[in-house]
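A look at the structure
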Amino acid sequence: MGRWVIPPEVHGNGRFVIPRREFIPAYLKTYEEGRLKEKVEEALSHLGPSCRVCPRLCKGVDRLANAFGVCRVGRYARVASAFPHFGEEDVLRGWRGSGTIFFSWCNLRCVFCMPPDTMVMTEEGPLPIQEIFERGERELDYAGGQVRFFDQSLRVFTRHSRLAWVSKAFRHPYKGDLIRIEPYYGPPLLLTPNHEVFAVHPSAPHQVLRVRADQLTGEHWLLVPKRNGFHSVIKPSHFSEEYIKESEDFYLVAVQNCGRLAYQGWVYNLEVDDPDHSYIASFVAVSNCQNYEVSQLGEGEELTPKELARLMIRLQEMGCHNINFVTPEHVVPQIVEALPYAIEMGLRVPLVYNTSAYDSLESLRVMEGLVDIYMPDFKLWTPERSRKYLLASNYPEVARQTIAEMHRQVGELKVDEDGLAVRGVLVRHLVMPGLLDETREILRWLAGLSRDTYVNIMDQYYPAWKAKTDPRYAEINRRVFRREMEEAFRMAREAGLWRFDARWRVVIPGIEWVMME
Ligand code: SF4
Ligand code: SF4
């Protein structure tokens, strides 16, 4: 590994550095002090007879008896996916990825899908994927969503421009981030983070790869088939060769930008009868529904404590710099229960708790001495807007209590000599269009907590689902203007904050690629 140009916002000229040889994960200390067993018992007692693991406090739901509440998760945690994640902040992703474990908010089977209005290229022209689903027959409930079947009634174009029958269409409820991929030429495409697209990377220019949406970088080129049923895609002469390359059957179009946006709603996918397992969404070749990928996690998504521990170890063995629990609010007891097994199997990397900040204080206190890095997302400040956009008017109050408690436990973000986070709080805040007054209050409050709070002020908001279609949300039906982002940073500086997250590592997944000083 070479030496990174680590920004002062990260290391604070040594103020925020804990040398790696001195770092001991919090959970290991607690274990060695013999306090982990009582934490496991306390955590499990929150599951029943009335679950109080998260602020929803589902009355009468005894998860110890495998009953389900709002989160639809019973006695054992359900994992949607787990992999080295290269889309996280540089202090977390490092050069070998953040070992991310996505917990299902419900019992959806996996998350390789796209939102309802995604255009799929069919023999009848482009059709929204939702409309294709609605044309299917014989609806069956399937893994928390529905599946519909097709009897050779519709064909779609594959990435080789062949026509192939749609055999099934699926849909599931999904809550989490979508990846918005913007090619240089062509409309943007929204996908769940681990939906794969076909792309080429300059390190292997003649090899078409399947790349997960959240692992695409500005170095990838997307595969755009020339024939897609809508029309033959012709490259206008003014398109720059710098961003588009042509072969006999397809174009390769450079990725201009990849961002994230929060989403809650249906996501869809198709199964296509073609050995190539592909179809074309929004001009770009994407991967078919592939349940076999889920089997990486074993047949069941429901994991016992030992299985969850093994998953953590597998990510550590893959070289991940940390274990990053995403949306863990409803499975805190199950994580705590898995830790003694993971420690005995050799877990040593920091634990990251990555949350919407809608956590119960009781659960957070159980996590004290177990979590090394808290990563809350502070979304909105006012109860009115939280009611409108998040359907939880007590969100700001809960988020303030949550983040203050996290700060009390682990303090400001600290890194090792390679700029990898080892301890502390990293706060995310997504700037919303026209809601800078919310941003201002949030930033002021964070500065009050500590002026050294490490903040990722994000511009990736993109209107989706109801924000796009429902007139009640018209005011947020646009991207954030550049001047709004500039204003957000000005507000942050004015409040006294200065540790802003930015990209500073050059990383290609799978390749140890470094920027030298
Ligand atoms: S974790 Fe929250 S949503 Fe799930 S059952 Fe418990 S209180 Fe309800
Ligand atoms: S890829 Fe298939 S099985 Fe997985 S969530 Fe999407 S539709 Fe369901």
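Note that the structure is a prediction, hence the values are computed from the model and not measured. (Residues numbered from 1 in each chain as written. Chains lettered and ligands numbered in written order. Predicted model: local features only at pLDDT ≥ 70, side-chain atom pairs only at ≥ 80, totals over all residues. Heavy atoms only, no water.)

The helix and strand inventory of the chain stands at 14 helices and 24 strands. Within the chain, buried positions represent 59% of all 517 residues. Counted over contacts in the chain with a minimum sequence separation of 6, partners at least 24 positions apart contribute 70%. Accessible surface, the chain: about 21,400 Å² in total, of which carbon and sulfur atoms supply 50%. (Helix = DSSP H or I, 4+ residues; strand = E, 2+ residues; numbered from the N terminus. Buried < 20%, exposed > 50% of the residue type's maximum accessible area, 1.4 Å probe, protein only. Contact = heavy atoms within 4.5 Å. Areas by Shrake-Rupley, 256 points an atom, 1.4 Å probe, with all protein chains shown as cover.)

As enumerated under the stated definition, the model contains 28 salt bridges in all. One salt bridge in this structure joins Arg135 and Glu131, with 3.7 Å as the shortest N-O distance. Of this pair, Arg135 and Glu131 both sit in helix H5 (residues 129-135), four residues apart, which is roughly one turn of that helix. The partly exposed category is assigned to Arg135, whose relative accessible area is 34%. Between Asp214 and Arg212 there is a salt bridge, with its nearest N and O atoms 3.9 Å apart. In this pair, the class of Asp214 matches that of Arg212, namely buried. (Salt bridge = Lys/Arg side-chain N within 4 Å of Asp/Glu carboxyl O.)

In strand S16 (residues 284-287), alternate side chains face the same way, and those of Val284 and Val286 on one face and Ala285 and Ser287 on the other are all buried. Taken together, the four bridges between strand S15 (residues 278-281) and S16 define a ladder with antiparallel strand orientation. Counterpart to Ser278 in the pairing with S16 is Ser287. Connecting the antiparallel pair S15 and S16 is a turn made up of two residues, with Ser282 showing a positive phi of about 50°. (Pairing = 2+ DSSP bridges.)

Attention shifts here to the confidence of the model for the chain. Mean pLDDT over the chain works out to 83, with 86% of the residues at or above the 70 mark. Note on residues 290-300: pLDDT under 50 across the span, and 17 contacts to partners over four residues away in sequence or across chains. Here residues 509-517 scores under 50 on pLDDT; set against residues more than four positions off or in separate chains, the count is 25 contacts. Taken over the whole predicted complex, pTM reads 0.66, whereas the ipTM for its chain interfaces reads 0.63. (pLDDT = per-residue confidence, 0-100.)

Let's shift gears to helix H8 (residues 332-345). Because each turn of an α-helix spans 3.6 residues, side chains separated by three or four positions end up pointing in the same direction. The terminal C-alpha atoms of H8, which comprises 14 residues, lie 20 Å apart, in line with the 20 Å expected from a rise of 1.5 Å per residue. Judged by how many residues are buried, H8 sits mostly within the fold: ten of 14 residues are covered. Of the residues making up H8, those classed as buried are Val332, Pro333, Gln334, Ile335, Val336, Glu337, Ala338, Leu339, Ala342 and Ile343. Positive phi shows up at Gly346, right after H8, with a value of about 110°. (Expected span 1.5 Å × (residues − 1).)

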